[in-house]
Amino acid sequence: KPRVFSAMQPTSDSLHLGNYLGALVQWVKLQDTHDAIYGVVDLHALTVAPDPSELERRTRRTAAQFLAAGVDPERSIVFVQSHVPEHAQLAWLLSTFTGMGEAGRMTQFKDKSAKVGESGTNVGLFTYPILMAADILLYDTNLVPVGEDQRQHLELSRDLAERLNTRLGEGSAVVPEAYIVKETAKIYDLQEPTKKMSKSASNGKGLIEILEDPKKVAKAIKSAVTDTGSEIRFDREAKPGVSSLLSIYSAIDGRSIEQLVADYEGKMYGHLKVDLADAVVEYLTPVRDAAMEWIGSPDRLDSVLADGADKARGIAQETLARLYDRVGLVPAT
Ligand code: AQP
């Protein structure tokens, strides 16, 4: 079976609807056709200097949400990045294959560091995409399901894989493909519907957290920014607010955007919002309940993660040994 790898950072107590629809839904589906490995990338989260006890809590909560969404630990590997030291080891090796200019072109670093200023940023944030390439190449990954914001980082992973094959010989690395589903590749902030829904960028009101109290979820949707005029139609340029509500609705309800537009012909924005709020609450309730159950059973959760780390490490060690050998590092034994 081809291999799929993807991961999320434990940077908040709850994933948001963008993480969920943009990535997690695809993770669950791809388990049927792929050998799947899904990680909580805690080493990446260190780049934002998290509070230690928060990081610990969020790491378990993030894993709990993967499982609650339907990632099946009997079929797929679920693990925590820092449990597999080969991630950091391969990242070092890859950093020696990455040009300064190449790393400097990453727009996410530019955006994030611009926000905190040069003195607030750190080298880890700069080399973040190299660690991400290590995450992916370590498992000889064929496919990486992510949202649109990760496209450029994926491109770097591909370039690095190709470079390893050129410089160290064919078969050094598998060149991964991004798997970005157009309809859900970018879920927008409800208050600023031209920006992506994001843990860090939002003021909070435009964000739907999947573990949030259902009343607050409904309220956030009902107070979403809509556009001038009253017609319900899909037009990202002229009507970003309504268009983004339609995208979310279509993703969770299965009706196409055209069908939704037809169903809401002649109705007001308010109708759409009330129905969408109900639909989202209904959609998220079982996920929230299941996540709470996992969060309430830390021993069970830790045992899933221990098992996942064992399995992931088995694969990671082989890949790292292959690359260490090809670059000429003398084996320890
Ligand atoms: N708004 C979004 N629409 C679709 N997909 C999205 N993803 C994130 N936001 C959206 C996808 O979710 C996964 C989470 O990756 P991450 O934990 O590395 O977080 P991120 O990409 O940095 O995005 P966040 O969660 O909003 O955090 P910040 O605030 O740091 O930007 C990825 O597959 C991502 O594409």
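Residues numbered from 1 in each chain as written. Predicted model: local features only at pLDDT ≥ 70, side-chain atom pairs only at ≥ 80, totals over all residues. Heavy atoms only, no water.

What about the packing of helix α3 (residues 52-69) against helix α13 (residues 298-327)?
Put simply, the test is: Axes, fitted as lines to C-alpha atoms, cover a helix only where it is in contact. Angles between the N-to-C directions of the axes lie from 0 to 180 degrees. Numbering of helices and strands runs from the N terminus; a helix is a DSSP stretch of H or I covering at least four residues, while a strand is a stretch of E covering at least two. Note on terminology: angles under 35 degrees are roughly parallel, angles over 145 are roughly antiparallel, angles of 65 to 115 are roughly perpendicular, and the others are oblique. Two residues qualify as a contact provided that any one of their heavy atoms is within 4.5 Å of a heavy atom in the partner residue. Residues are sorted three ways: Asp, Glu, Lys and Arg are charged, Ala, Val, Leu, Ile, Met, Phe, Trp, Tyr, Cys and Pro are nonpolar, and all the rest, Gly among them, are polar.
Packing of α3 against α13 brings their axes to within 11 Å, and their N-to-C directions diverge by 85 degrees. With respect to α13, the axis of α3 lies roughly perpendicular. Contact residues: Arg 60, Ala 63, Ala 64 and Leu 67 in α3; Leu 301, Asp 302, Val 304 and Leu 305 in α13. A class-by-class count of the residues in the contact of α3 with α13 yields 6 nonpolar, no polar and 2 charged.

Some thoughts on the site of the ligand
Our working rule: Whether a residue is near a molecule or strand depends on its heavy atoms: it is near if one of them lies within 4 Å of it. Polar contact criterion, stated in full: a pair of N or O atoms within 3.5 Å, where within protein one must be able to donate a hydrogen and the other to accept it, and residues adjacent in sequence count only if both atoms are side-chain atoms. Each accessible area value is a Shrake-Rupley result obtained with a 1.4 Å probe; residue values ignore everything except the protein chains displayed when judging cover.
Taken together, 22 residues form the shell around the ligand, and within it Lys 112, Asp 149, Ser 198, Lys 199 and Ser 200 come nearest. Note that an oxygen atom of the ligand is positioned 2.8 Å from one of the backbone N or O atoms of Gly 147. A distance of 2.7 Å separates an oxygen atom of the ligand from a polar atom in the side chain of Ser 198. Within the complex, the protein chains bury 96% of what would otherwise be the 640 Å² of accessible surface of the ligand. Take the shell around the ligand: its biggest share by element is 4 residues, from helix α1 (residues 17-30). Tallied by class, residues from the shell around the ligand come to 7 nonpolar, 10 polar and 5 charged.

Examining the UniProt feature "binding site: L-tryptophan" (unreviewed entry) in the chain
Our working rule: UniProt positions are given in the numbering used here, feature names are shortened, and annotations may be inferred rather than shown by experiment. The cut-offs for exposure are 20% and 50% of the maximum accessible area for each residue type, with area from a 1.4 Å probe on protein chains only; residues under the lower value are buried, those over the upper are exposed, and the others partly exposed.
With numbering matched to this structure, UniProt assigns "binding site: L-tryptophan" (unreviewed entry) to Asp 135. Tracing the backbone shows Asp 135 in helix α7 (residues 123-137). For Asp 135, a relative accessible area of 3% corresponds to the buried category. Residues contacting Asp 135, with those up to four places away along its chain left out, are Phe 5, Val 41, His 44, Gln 81 and His 87.

Some remarks on the packing of aromatic side chains
To describe a pair of aromatic rings, one takes the distance between the centres and the angle between the planes. Test applied: Stacked, tilted and edge-to-face are the three classes applied to pairs of Phe, Tyr and Trp rings, where Trp contributes its six-membered ring and a pair requires centres within 6.5 Å; stacked means planes under 30 degrees apart, edge-to-face means over 60, and tilted covers the rest.
In this structure the tally under the stated criterion is 7 aromatic pairs. Between Trp 27 and Phe 66, the ring centres sit 4.7 Å apart and the planes meet at 70 degrees, which makes this aromatic pair edge-to-face. Separated by 39 residues along the polypeptide, Trp 27 in helix α1 and Phe 66 in helix α3 bring together distant segments of the chain. Overall, Phe 66 belongs to the buried group, its relative accessible area being 0%.

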